[in-house]
Amino acid sequence: MRIVAVFEKGERIRHIGHLDIQRAVQRGLRRSDLPVAYSAGFNPHILVSFASALSTGASGKREIMDVGMAGEVTAQEFIERMNRAMPPEMQISEARLVEDRHPAMMALLTAASYDLTVYGDGTAETLIRAIPGLLARDIVPAMRKTKTGLKECDIRPLIYQLKAEGNTIRAVLALTEREACKPNMLIAALKEEAGITDDPRILTVRTQLYGTGADGKLQPLETL
Amino acid sequence: MELNEKIEGVLEFVQKAPRYTGGEMNTAVKAWDQCPLHFGFCFPDTYEIGMSHLGLKILYGLINREEWSLCERFFMPWVDMMEQMERENIPLFSMESRHPLRDFEVVGFTLQYEMSYSNIPAMLKMGGVPVLSRDRGEEDPIVVAGGPCAFNPEPLADIIEAFMIGDGEDVMTELNRVILRRKQEGLTREECLRELSRLEGVYVPSLYTVEYHEDGTIAAVTPKDAEVPPVVRKRVVPDLNDTYYPEEIPVPYTEVVFDRIMLEIMRGCTRGCRFCQAGILYRPVRERSMETLISLAEKLVSATGYEEISLSSLSSGDYSCLPELIRELMKRLKDKRVSISLPSLRIDSVLKESLEETQQVKKSSLTFAPEAGTQRLRDVINKGVTEEDLLEKVRDAFEGGWSSVKLYFMDGLPTETREDLDGIADLARKVVNEYFRLPKEKRMKGLRVTVSASTFVPKPFTPFQWEAQDTIPQVQEKQEYLKQILSIKGVKFNWHEPHLSFLEACFARGDRRMGKVLLTAWQKGCILDGWNDQFHFDRWMDAFRENGLDPAFYANRKREKDEILPWDHIDSGVSKEFLWREKEKSEKALTTKDCRLGCNGCGLQTWKGVCGFANRSGV
Ligand code: SF4
């Protein structure tokens, strides 16, 4: 049995990197005293994986952990015990039991939505004004970080939705193991389109992770 | 909150932002308005170091446990953060509620090592608290300090208003109660400090005057009037089993230096190494019972989720029932997959059996501290360790699957000769040989013997408090020599920056005038001196010069028996006579036995019932 749980990475701890978040979840699971499954071997650790690593500096409203269980537990119990064991910035909002053979959440991931709040006088307006122009283009070149260095790619097909509200840009972007448009790639493209060079201060919040349903439409990942 | 916005804004631009963001497990904040007393706990070094420190966790829990007091943490920001804070006008703020330091009724520094001193004025300044005691007004916090370096409080006498000497657990609450009265009954600053000076173990430097002889030595330290105690006696908590110990401790998100549960199994050490200040300051030895420890361990594991416990004390191998304790802990914590480590292995402890047990769980590198290279010098410093002992333990360790060993030495010990340095290389070579004597299939691959030599720093309250430290050129010459003779295959040699040890020696035995040097150096930009890349020795030397003081007077001068030492009005419980006796024995290379074998009459035997070994045989 596994548990798929939705948790928050609060704004206050957004500078904590993924490895540290992983460790914090491991320790939270240990504190919870839930019947979790451990790996074999010299340095046993709890079998928990994450749908997607969230980068340093970004907070997440609905991140997903996937926990291997060694004993019976209800979703409700999991939530209650974990929420007592986790700091206020990392509370769990939903959980669901899945069979062991259920595909890993990581493998089902196809997209994510983001709120990008832009600070600084007039910067948000300038960037937001560039949105229609960007969307009208056939190709949006961007630089993607790979193991071998920076590579050029086209992110236009990876932008599923792009709009704005106040000084916040809301985007739904492709996110799979193979190809992804990271928020910083989008911002770089918008800066280019708007013709600005300064780095604005941006608060990145990942609001939801998505998979693709049988109908080909995006669907919240935790429901798949 | 505007400050909050500003802080969030600068965090994007600093390295290691989590140093400043808080929100760790078990740091839940208490409501500011519901606590009349706010204690700002300042660790004068970075987050990673401060959060590894056991004393912080004890006092943090202890203060927050009281319904009327609240404790929040402050650390020294790194240079990049300091620049950002200065530019944006952000005061030093607490990790929990982000209140500026000046908003707290008490500001408390922990003094763990001298080379963190320049961070103290820096943190006060950033926090909006006047740096000098005499500049603080009725609105400002009371600035206090504790920790091992408080035993020679004089270099900080102009900055710290009250020092807590000795074990902090009891006196901390008493001190907070007095400061609460300042707030609730309107005691003036002056009255409050007077009240504090009446607490046992509290030293208020402004109530004493110091006079000097022409040669710079002290002529007299005089209390201002009859109400001020002429000597301040350290606090001792008699029984650790009924002394507070936290059952939950903060768990940092990021990795800190010691990222595990630290279980203090005992306090003090019975060995009597003559260079060791902690061995005197934390006397007498008090052990926590197995029962207490096991219950604490279980609670701490459930409250933290840590995967490792270390048994901490000055000499864990000496704990009366160590093998039983380890066995029991392993049994209870096996299901939780918690490993146990012993940080300060003494090589003559009967540990083979327990070692084999720990090894099932955790295999870290083994450390041994022979401190000196020859038996003669080890006798001088009363380090009761023989070469045979050491080699036997090393052999056991290699057979047990270890392949990396650390050896700690000191250079510049009193009476040291070339032969003693040669002894270091000899010992290292013998350790290497032990490894190769094992058949290939029986030893772990990758032999690594790390030899570290630190420079001897004479410390107050030790038998060597009258000794001279080697000069910097002398140290450098010895280090060069050691580098040469230690170029042995499989051996890595580390040494300490001699300039830092020199300055440490100045502060360790400094008087009040060193406070001026500290202030000048800080004004010249000295901060974070413990970090090599931030250390500016030349600025420090300028600061000495500008204040008309000679660092050699503090570091390289041998003191006479009748000289009044700057810390003579602090009573560690160990008498000056005992220390002098030990010094004389050291000159003849005569050893003194472990207190567990009988009392040596250090002075604490006259304190009613504090030392459990004092009534046994011996003196
Ligand atoms: S009183 Fe005696 S036994 Fe106790 S620490 Fe001092 S010398 Fe050792």
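Residues numbered from 1 in each chain as written. Chains lettered and ligands numbered in written order. Predicted model: local features only at pLDDT ≥ 70, side-chain atom pairs only at ≥ 80, totals over all residues. Heavy atoms only, no water.

Q: I'd love a proper account of the overall build of chain A, names of residues and values included.
A: What chain A contains, in helices and strands, is six helices and eleven strands. A compact globule built from 224 residues should have a C-alpha radius of gyration of about 17 Å, and chain A, at 19 Å, falls within 12% of that. Each principal axis of the C-alpha atoms in chain A carries an extent, and together these give about 55 × 35 × 35 Å. In chain A, the proportion of contacts linking residues at least 24 apart, taken out of those at least 6 apart, comes to 69%. Per element, the accessible surface of chain A, about 10,800 Å² overall, is 51% carbon and sulfur. (Helix = DSSP H or I, 4+ residues; strand = E, 2+ residues; numbered from the N terminus. Rg over C-alpha atoms; globule rule 2.2 N^0.38 Å. Contact = heavy atoms within 4.5 Å. Areas by Shrake-Rupley, 256 points an atom, 1.4 Å probe, with all protein chains shown as cover.)

Q: For the overall build of chain B, give the residues involved together with the corresponding values.
A: For chain B, the helix and strand inventory stands at 20 helices and 19 strands. Principal axes of the C-alpha set define a box for chain B whose edges measure 75 × 65 × 50 Å. Expressed as a percentage of the 619 residues in chain B, the buried residues total 64%. For chain B, the exposed area adds up to about 24,100 Å²; of that, 49% sits on carbon and sulfur atoms. In chain B, the 82 positive side-chain charges and the 99 negative ones have mean positions that sit 5 Å from each other. (Buried < 20%, exposed > 50% of the residue type's maximum accessible area, 1.4 Å probe, protein only. Lys, Arg positive; Asp, Glu negative; His and termini not counted. Charge placed at Lys NZ, Arg CZ, Asp CG, Glu CD.)

Q: Can you lay out the interface of chain B and chain A for me, pointing to particular residues and giving the numbers?
A: Contact with chain B, which involves 29 residues of that partner, is made by 23 residues of chain A. Carbon and sulfur atoms supply 49% of the area that chain B and chain A bury against each other, a total of about 2,400 Å² over both sides. On the chain B side of the interface with chain A, the three residues burying the most area are Met25(B), Tyr253(B) and Arg337(B), jointly 29% of the side's total. On inspection of chain B and its partner chain A, the count reaches seven salt bridges. A salt bridge links Glu12(B) to Arg201(A); the shortest N-O distance between them is 3.8 Å. There are 13 residue pairs in polar contact (both at pLDDT 80 or more) connecting chain B and chain A. Listed by contribution, the elements that provide at least two residues to the side of chain B that touches chain A are helix H1 (2–11) and helix H9 (290–304) of chain B. (Buried area = accessible area lost by both parts, 1.4 Å probe. Salt bridge = Lys/Arg side-chain N within 4 Å of Asp/Glu carboxyl O. Polar contact = N/O pair within 3.5 Å; in protein donor to acceptor, adjacent residues only side chain to side chain.)

Q: Give me the lowdown on the domain arrangement of chain B, citing residues and values where you can.
A: Along its sequence, chain B is carved into domain 1 (3–233), domain 2 (365–507) and domain 3 (574–616). Using C-alpha coordinates to define each centre, domain 1 of chain B is positioned 34 Å away from domain 3 of chain B. (Domains from an automatic or database assignment.)

Q: Got a sec to walk through the pattern of salt bridges? Specific residues and values, please.
A: Residue and element names in this part refer to chain B. Tallied over the full model, the rule gives 67 salt bridges over all chains. Of the charged contacts, one joins Arg235 and Glu174 as a salt bridge, the two residues approaching to 2.8 Å between their closest N and O atoms. Taken as a pair, Arg235 in the loop between strand E9 (232–233) and strand E10 (261–264) and Glu174 in helix H6 (residues 168–185) lie far apart in primary sequence, 61 residues in all. The salt bridge involving Arg545 is made with Asp542; its shortest N-O contact spans 2.8 Å. Here Arg545 and its partner Asp542 are both found in helix H18 (residues 537–546), three residues apart, which amounts to about one turn of the helix. Judged by its relative accessible area of 28%, Asp542 falls in the partly exposed class. Linked through salt bridges whose partners overlap, the residues forming this network are Asp167, Glu169, Glu264, Arg267, Arg286 and Arg288.

Q: Give a detailed account of the domain arrangement of chain A, specifying residues and quantitative values.
A: Residues and elements named next belong to chain A. Considered domain by domain, chain A is made up of domain 1 (2–102) and domain 2 (108–223). Computed over C-alpha atoms, the centres of domain 1 and domain 2 are 27 Å apart. Across the domain 1/domain 2 interface, buried area totals approximately 1,200 Å², and carbon plus sulfur atoms make up 53% of it. Viewed at the interface, domain 2 and domain 1 are joined by two salt bridges. With a closest N to O distance of 2.7 Å, Arg206 and Glu63 form a salt bridge. The tally of links between domain 1 and domain 2 comes to eight residue pairs in polar contact (both at pLDDT 80 or more). Broken down by element, the residue count for the side of domain 1 that touches domain 2 peaks at seven residues, all from strand E3 (residues 58–68). Looking at the side of domain 1 that touches domain 2, its residues break down into seven nonpolar, five polar and seven charged. (Nonpolar A, V, L, I, M, F, W, Y, C, P; charged D, E, K, R; others polar.)

Q: Break down the sheet that holds strand E15 (residues 366–371) of chain B for me, with residues and values.
A: All names here are of chain B. As summarised here, the arrangement of the four strands in space is E15-E16-E17-E18, forming an open sheet in which the pairing is parallel. At either end of the open sheet lies a strand with only one pairing partner, and these are E15 and strand E18 (491–495). Between one strand axis and the next, the sheet turns through 20 degrees on average, direction left out of account. In terms of strand pairing, strand E17 (residues 448–455) meets E18 through five bridges, oriented parallel. Within E18, the residue paired with Val449 across the bridge is Val491. (Pairing = 2+ DSSP bridges. Axes fitted to C-alpha atoms, helices over the stretch in contact; angles between N-to-C directions.)

Q: Which residues make up the sheet that holds strand E13 (residues 308–312) of chain B, and what values go with them?
A: Residues and elements named next belong to chain B. Pairing is parallel in the open sheet, where three strands are placed in the order E10-E13-E14. Each of the sheet's edge strands pairs with one partner strand only, and the pair in question is E10 and strand E14 (339–341). The average angle at which neighbouring strand axes cross in this sheet is 25 degrees, direction not considered. Relative to E13, E10 is paired through four bridges, and the arrangement is parallel. Residue pairing in the sheet places Glu264 in a bridge with Ser312 of E13. On top of the sheet, helix H10 (residues 322–333) reaches E13 and E14; it is set at about 165 degrees to E13, its chief contact.

Q: Describe the site of the ligand, listing the residues and the values that go with them.
A: Taken together, Arg283(B), Cys595(B), Cys599(B), Asn600(B), Gly601(B), Cys602(B), Leu604(B), Gln605(B), Cys611(B), Phe613(B) and Ala614(B) make up the full set of residues near the ligand. Residues of the shell around the ligand, tallied by class, amount to seven nonpolar, three polar and one charged. (Near = heavy atom within 4 Å.)

Q: Explain empty space enclosed by the protein to me, and be specific about the residues and the numbers.
A: Where empty space is left in the structure can be found by rolling a water-sized probe over the atoms. Residue and element names in this part refer to chain B. Applying the stated criterion across every chain, the model contains 15 cavities of 30 Å³ or more. Within this model, the largest cavity holds a volume of roughly 110 Å³. Looking at which element gives the most residues to the lining of the largest cavity, the answer is strand E2 (residues 69–75), with three residues. Considered class by class, the residues forming the lining of the largest cavity number ten nonpolar, one polar and two charged. (1 Å grid on protein atoms, 1.4 Å probe; cavity = no way out; pocket = protein on both sides within 12 Å on 5 of 7 lines; lining within 4 Å. Points joined across faces, edges and corners; volume = space filled by probe spheres on them.)

Q: Can you lay out the nonpolar core for me, pointing to particular residues and giving the numbers?
A: Within the largest apolar cluster, 163 residues are counted, with the highest numbers of intra-cluster contacts made by Phe109(B), Leu111(B), Leu124(B), Ile159(B), Leu196(B), Leu311(B) and Trp540(B). Beyond its immediate stretch of four places on either side in the chain, Trp540(B) contacts Ser118(B), Leu503(B), Phe507(B), Val517(B), Leu518(B), Ala521(B), Cys526(B), Asp529(B) and Phe535(B). (Core = buried A, V, L, I, M, F, W, Y, C linked by side-chain atoms within 4.5 Å.)

Q: Please give an account of helix H6 (residues 183–194) of chain A that cites residues and values.
A: Residues and elements named next belong to chain A. The terminal C-alpha atoms of H6, which comprises twelve residues, lie 16 Å apart, in line with the 16 Å expected from a rise of 1.5 Å per residue. What H6 keeps buried is the set Pro183, Met185, Leu186, Ile187, Ala189, Leu190 and Lys191. Just past H6, the residue Gly195 takes up positive phi, approximately 75 degrees. (Expected span 1.5 Å × (residues − 1).)

Q: If you had to explain the side chain of Glu328(B) to someone new, which residues and values would you point to?
A: Structurally, the position occupied by Glu328(B) is in helix H10. In contact with Glu328(B), other than residues within four places in its own chain, are Met290(B) and Ile294(B).

Q: An account of helix H4 (residues 79–88) of chain B is needed here, citing residue identities and associated values.
A: Along H4(B), the residues classified as buried are Asp80(B), Met81(B), Met82(B), Gln84(B) and Met85(B). Among the structural elements, H1 and helix H5 (119–126) of chain B are those in contact with the buried residues of H4(B).

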